[in-house]
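Next come the chains, spelled out residue by residue.
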Amino acid sequence: MNLVVEADGGSRGNPGPAGYGAVVKAPDGQVLAEAADGLGVTTNNVAEYHGLIAGLRSVLALAGDGATVEVRMDSKLVIEQMAGRWKIKNEGLRPLALEAAGLARRLRVTWKWIPRERNRDADRLANEAMDAAAKGAKWQGDSVPASASTGSAGPVDVTGPAGPPVDAVAPVASEPVASLTESKAGGWMGPSRTATSLLLLRHGETPFSVEHRFSGIGDPALTPKGVAQAEAAAARLSRKPYQIDVIVSSPLRRARQTGEAVASRADLKVIVDDGLREVDFGAWEGHTFTEIQRRWPAELAAWLDDPSVAPPGGESFEEAARRVEEARDRLLVEHQGKTVLVVSHVTPIKLLLRFALLAPPEALYRMHLDVASLSSIDYFPDGPSLVRALNDTAHLR
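A quick note: this is a predicted structure, and the numbers were derived from the prediction, not measured.

## With respect to the overall build of the chain
Working step 1: When you go through the chain residue by residue, the secondary structure sums to eleven helices and 13 strands.
Working step 2: Split into buried and exposed, the 397 residues of the chain put 53% on the buried side.
Working step 3: A sequence separation of at least 24 residues applies to 71% of the contacts in the chain between residues at least 6 apart.
Working step 4: Within the structure as shown, the chain displays about 17,600 Å² of accessible surface, and the carbon and sulfur contribution to it stands at 51%.

## With respect to the pairing of strand E9 (residues 246–249)
Working step 1: Burial along E9 is two-sided: the residues Val246 and Val248 and Ile247 and Ser249 are all buried.
Working step 2: As paired strands, E9 and strand E11 (residues 339–344) are joined by four bridges and run parallel to one another. The residue bridging Ser249 from the neighbouring strand is Val343, located in E11.
Working step 3: Pairing of E9 with strand E10 (residues 270–272) involves three bridges; the strand directions are parallel. The residue of E10 that forms the bridge with Ile247 is Val270.
Working step 4: Taken together, E9, helix H7 (residues 253–266) and E10 form a β-α-β motif whose crossover is right-handed.

## Notes on the nonpolar core
Nonpolar side chains in soluble globular proteins tend to be buried together.
Working step 1: Formed by 35 residues in total, the largest nonpolar core has its most connected members in Val24, Tyr49, Leu52, Leu56, Val59 and Val71.
Working step 2: Top element by residues in this core is helix H1 (residues 44–63). It accounts for ten residues.
Working step 3: Beyond its immediate chain neighbours, meaning those up to four positions away, Val59 contacts Leu3, Val5, Val24, Gly64, Ala67, Val69 and Leu107.
Working step 4: Counting residues in hydrophobic clusters, the runner-up holds 33 residues, among them Leu200, Trp284, Trp296 and Leu364.

## What about the environment of Phe355?
Working step 1: Within the secondary structure layout, Phe355 lies in helix H11 (residues 346–357).
Working step 2: When sequence neighbours within four positions are dropped, the list of residues in contact with Phe355 reads Arg105, Ala321, Val324, Glu325 and Arg328.

## Some remarks on the environment of Gly19
Working step 1: When you line up the elements, Gly19 lands in strand E2 (residues 16–25).
Working step 2: According to the relative accessible area criterion, Gly19 is buried, its value standing at 0%.
Working step 3: Separated by 120 residues in the primary sequence, Gly19 and Trp139 have C-alpha atoms spaced 9.8 Å apart.

## A closer look at the packing of aromatic side chains
Working step 1: Applying the stated criterion across every chain yields a total of eight aromatic pairs.
Working step 2: Between Phe214 and Trp303, the ring centres sit 6.0 Å apart and the planes meet at 50°, which makes this aromatic pair tilted. Separated by 89 residues along the polypeptide, Phe214 in the loop between helix H5 (207–210) and helix H6 (224–237) and Trp303 in helix H9 (residues 297–305) bring together distant segments of the chain. In this structure, Phe214 and Trp303 share a single accessibility class: buried.
Working step 3: For the ring pair Phe281 and Trp303, a centre distance of 6.3 Å and an interplane angle of 80° mean the geometry is edge-to-face. Taken as a pair, Phe281 in the loop between E10 and helix H8 (289–295) and Trp303 in helix H9 lie far apart in primary sequence, 22 residues in all.
Working step 4: Residue classification places Trp303 among the buried positions, given a relative accessible area of 6%.
Working step 5: Among the aromatic side chains, those forming a connected cluster through ring pairs are Phe214, Phe281, Trp284, Trp296, Trp303, Phe317 and Tyr365.

## With respect to the sheet that holds strand E13 (residues 385–392)
Working step 1: Judged by pairing direction, the sheet is mixed, and its six strands sit side by side in the order E10-E9-E11-E8-E12-E13 without closing on themselves. This sheet does not close on itself; its edge strands, each paired only once, are E10 and E13. The average undirected angle you get between the axes of adjacent strands in this sheet is 20°.
Working step 2: The strands touched by H7 are strand E8 (196–202), E9, E10 and E11; relative to E9, the strand with the most contacts, the crossing angle is about 165°.

## Thoughts on the pattern of salt bridges
Working step 1: Evaluation of the coordinates by the stated rule reveals 24 salt bridges.
Working step 2: Between Arg106 and Asp65 there is a salt bridge, with its nearest N and O atoms 2.9 Å apart. Of this pair, Arg106 sits in the loop between helix H3 (94–104) and strand E5 (108–113) while Asp65 sits in the loop between H1 and strand E4 (68–73), placing them 41 residues apart in sequence.
Working step 3: The class of Arg106 is partly exposed, set by a relative accessible area of 22%.
Working step 4: Through salt bridges with shared partners, a single ionic network connects Glu6, Lys25, Glu70, Arg72 and Asp121.

Parameters and conventions
- Residues numbered from 1 in each chain as written.
- Predicted model: local features only at pLDDT ≥ 70, side-chain atom pairs only at ≥ 80, totals over all residues.
- Heavy atoms only, no water.
- Helix = DSSP H or I, 4+ residues; strand = E, 2+ residues; numbered from the N terminus.
- Buried < 20%, exposed > 50% of the residue type's maximum accessible area, 1.4 Å probe, protein only.
- Contact = heavy atoms within 4.5 Å.
- Areas by Shrake-Rupley, 256 points an atom, 1.4 Å probe, with all protein chains shown as cover.
- Pairing = 2+ DSSP bridges.
- Right-handed = clockwise from strand over helix to strand, strands pointing away.
- Core = buried A, V, L, I, M, F, W, Y, C linked by side-chain atoms within 4.5 Å.
- Phe/Tyr/Trp six-rings, centres within 6.5 Å; stacked < 30°, edge-to-face > 60°.
- Axes fitted to C-alpha atoms, helices over the stretch in contact; angles between N-to-C directions.
- Salt bridge = Lys/Arg side-chain N within 4 Å of Asp/Glu carboxyl O.

By themselves, these observations are geometric and do not establish any function.
Given below as structure tokens:
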């Protein structure tokens, strides 16, 4: 089902007493759910982002992951930032934008700006919430609809760990919206609480890693120590509690060698996915950080400051993030409910961890991954992604 979200937020004073509202509609305009709440004292933009988050959560409660939705708001700033056309310069908005983006990645979203007069329903809900808050009360809606992802008839918790509560999601439809939802990658996923587990294994040591050189799409082989590290990882992953169903590797030799070590013990074949390759460092390939700092000081400073900046002749972290997201979505659709060993590199593994944590791009510089280290993420079709391990090197001791 194609759904529509109309969302808004307001502040009486900017900053001042604020509230948000969101409504989910069917294509024919039928209202399927409403959500609203007061926010205390904050700004218009913060309230608008809270409205967006509430609307996206309501869609997930109604239709589950993969639903197609058009988001309509009269906030040009929120629409343009979520569409990726405007940068987020206000650091106070960044956590909300990241939370909204994480929810949007679970759906098939298009973003549309509309004039204020066409956003009256969401504006009305936001004002009702502010009016209620001014009286010391909370906006009240009807009961919450049955969840399409669980098939239950009871209340659905559509609150997240870091976001605003959705105090009421008032249904008009009497039955679940969908029993199957289309995923972003084009497949179909039925309602399920079984996690798809990605075990993220960084390749073993190479000559470049020994000398701390930038190693992107160049293709060095493992050192003898790197081969031993791959075998140690393979020995660990062949024992309980691990039970690998699929092995997927970057196309680069150092990752494939590491994956083959595990595959030989697990009696599996290594599937190659180009989306899991390391970022292309361009002219910096094979150089140390000090060498780059001396030869390309301005370019290095810009690269460290902005994820949209690429090394000379290379690939930006922003570009790599889109590629890795697409690879992740393929894996989650093609291997739903399975345990997948992903053999890759520093940047793709850090990106996957960053996405799962809903962390900002700067988090890439706050994580360390050793060679042959193991991290893991569980993905739930009807819930959040959970990071269960990061940089585990117990098998190398």
